[in-house]
Amino acid sequence: MKTTFDQLRDTQPQFFSAAALTIPAVSLQAMADLVAAIESVIALPAYQAHALAQAPAIARLPCAARGAFMGYDFHLTAAGPKLIEINTNAGGGLLNAYLLAEHGRAAEGARIRDEFVAMFREEWRLERGDTPLRRIAIVDENPAEQFLAPEFTLFRALFEEHGIAAVVCDPSELSFDGEVLRHAGQPVDLVYKRLTDFALDTTASTAIRTAFEQGKVVLTPNPRAHALYADKRNLMQLSDAAALNGLGVDAATRQTLLAGIPQTVAVTPEQAETFWADRKRWFFKPPAGFGSRAAYRGDKLTKRVFEEILHGGYIAQEIAPPSEHAVGEQTMKADIRCYVYNGHIQLVAARLYQGQTTNFRTPGGGFAPVFVAE
């Protein structure tokens, strides 16, 4: 009898490449060192004060939960791994844990899935102590229509296998009665937020936002985590030697950050001529963007789009080209994603593609496991 994942593999082949990547141990260590360096800076009160000052008010609410599924995305370059961005609610982690079985690593995949469940239990414990975790809502806008909708189904099954009731729903399906967040009349203890409504601004998110503001539901990842980690403006501080020195970051940590994070700067209309002349050097991103939306390589820019970027609060990141790999008779680019919780890398996976950005449309591309050379 086929498992839920087997059925997914058959019906959604575009998610998965048959290939696997092998990287040197030194590359994995460099990524782990950079994650640790970033986490140490984010823990600094001065860094948090700066990041939260530019964030929505909801991000400044006290919150003990750390945020599940941080995604640290890297390109492997000749000069070592370069961090492209950090995402909260990084997708694909569970898909990649199941994918390991197809590469002879079933036990490892099972261990990682258990670690994922333990992560959600820890998020709950940090907020609620020893109170039992009974029900999780996996929430996204129109979840059945989302590209990674099959992963939501796998999460629901995984939670239920571990004795936690679970539901997949749109945020508008939740209600708050002043004490309890509910779905179809049943209490929801924890919301696994797959929404890209990071600050819970939309009308559909009203029930979650109100319950969260009143401390009546545990939310992971939460607005505070997004403000501290995933706002791309933070990369300006993390790649600026003077700013890091001003925060009191030690010399060794500064060196690790500056070596691993491409220079990132604010785009302002006053510097229009300079940015246009040097546009091939830069990748332009909106501060709250995700999934390559509204992000542009400088060498592909038109004047019209450039004008929008100048007035759109964009950041510019020095281009760090992705590594390329032979997959059958094709050459694929690779983005490397480290799934991280509390500074610990749980899983490393690749997204193989052709073109400007990951698209899950390249035959032979998709998610691929990343192994470390013996």
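Just so it is clear, the model here is predicted, and its values are computed rather than measured.

Quick word on the sheet that holds strand 9 (residues 190-193)
Stage number 1. A sheet is described by the order of its strands in space; here four strands give the open sequence 5-4-9-10, paired in parallel fashion. Taken across any chain shown, the strands that pair with only one partner, and hence form the sheet edges, are strand 5 (165-169) and strand 10 (218-220). Direction aside, the axes of adjacent strands within the sheet are offset by 20° on average.
Stage number 2. This element, helix 6 (residues 149-161), spans strand 4 (135-139), strand 5 and strand 9 of the sheet and lies at about 165° to strand 5.

A short note on the packing of helix 2 (residues 25-42) against helix 11 (residues 251-260)
Stage number 1. Direction vectors running N to C along helix 2 and helix 11 enclose 120°, while the axes themselves pass 9 Å from each other. Judged on the interaxial angle alone, helix 11 and helix 2 are oblique. The chirality of how helix 2 crosses helix 11 is left-handed. Residues Asp33, Leu34, Ala37, Ile38, Ser40 and Val41 of helix 2 lie in contact with helix 11, whose contacting residues are Thr253, Thr256, Leu257 and Gly260.
Stage number 2. Looking at side-chain class alone, the contact of helix 2 with helix 11 contains five nonpolar, four polar and one charged residues.

Focus: the pairing of strand 4
Stage number 1. Among the five residues that make up strand 4, four are buried, leaving the element largely enclosed by the rest of the structure.
Stage number 2. Bridge count for strand 4 against strand 5 is five bridges, and the pairing is parallel. Within strand 5, the position partnered with valine 139 by the bridge is cysteine 169.
Stage number 3. Once you follow strand 4 into helix 6 and on to strand 5, the crossover reads as right-handed.
Stage number 4. Summarising the sheet, strand 4 and strand 9 pair through four bridges and their orientation is parallel. What sits directly across from isoleucine 138, in strand 9, is tyrosine 192.

A closer look at the side chain of glutamate 85
Stage number 1. Position of glutamate 85 among the secondary structure elements: in strand 3 (residues 80-87).
Stage number 2. With near-sequence residues (within four places) excluded, glutamate 85 lies in contact with Gly71, Tyr72, Asp73, Lys232, Leu235 and Lys285.

Re empty space enclosed by the protein
Stage number 1. Applying the stated rule across the entire model yields one cavity of 30 Å³ or more.
Stage number 2. Around the largest cavity, the lining residues are Glu85, Ile86, Tyr229, Ala230, Asp231, Lys232, Asn234, Leu235 and Leu238.
Stage number 3. Those elements that place two or more of their residues in the lining of the largest cavity are strand 3, helix 8 (223-230) and helix 9 (234-238).
Stage number 4. Ranked by residues supplied to the lining of the largest cavity, first place goes to helix 9 with three residues.
Stage number 5. Broken down by class, the residue content of the lining of the largest cavity amounts to five nonpolar, one polar and three charged.

Here we look at the sheet that holds strand 8 (residues 186-187)
Stage number 1. The strand order 6-7-8 describes an open sheet built from three strands, whose pairing is antiparallel. The sheet is open, and its two edges are formed by strand 6 (174-176) and strand 8, each paired on a single side.
Stage number 2. As defined by bridge partners, strand 7 (residues 181-183) adjoins strand 8 across two bridges and the pair is classed as antiparallel. What sits directly across from arginine 182, in strand 8, is proline 187.
Stage number 3. Here helix 7 (residues 206-213) sits on the sheet in contact with strand 6 and strand 7, set at roughly 40° to strand 6.

What counts as what
Residues numbered from 1 in each chain as written. Predicted model: local features only at pLDDT ≥ 70, side-chain atom pairs only at ≥ 80, totals over all residues. Heavy atoms only, no water. Pairing = 2+ DSSP bridges. Helix = DSSP H or I, 4+ residues; strand = E, 2+ residues; numbered from the N terminus. Axes fitted to C-alpha atoms, helices over the stretch in contact; angles between N-to-C directions. Contact = heavy atoms within 4.5 Å. Parallel < 35°, antiparallel > 145°, perpendicular 65-115°, else oblique. Left-handed = near helix turned anticlockwise from the far one by under 90°. Nonpolar A, V, L, I, M, F, W, Y, C, P; charged D, E, K, R; others polar. Buried < 20%, exposed > 50% of the residue type's maximum accessible area, 1.4 Å probe, protein only. Right-handed = clockwise from strand over helix to strand, strands pointing away. 1 Å grid on protein atoms, 1.4 Å probe; cavity = no way out; pocket = protein on both sides within 12 Å on 5 of 7 lines; lining within 4 Å. Points joined across faces, edges and corners; volume = space filled by probe spheres on them.

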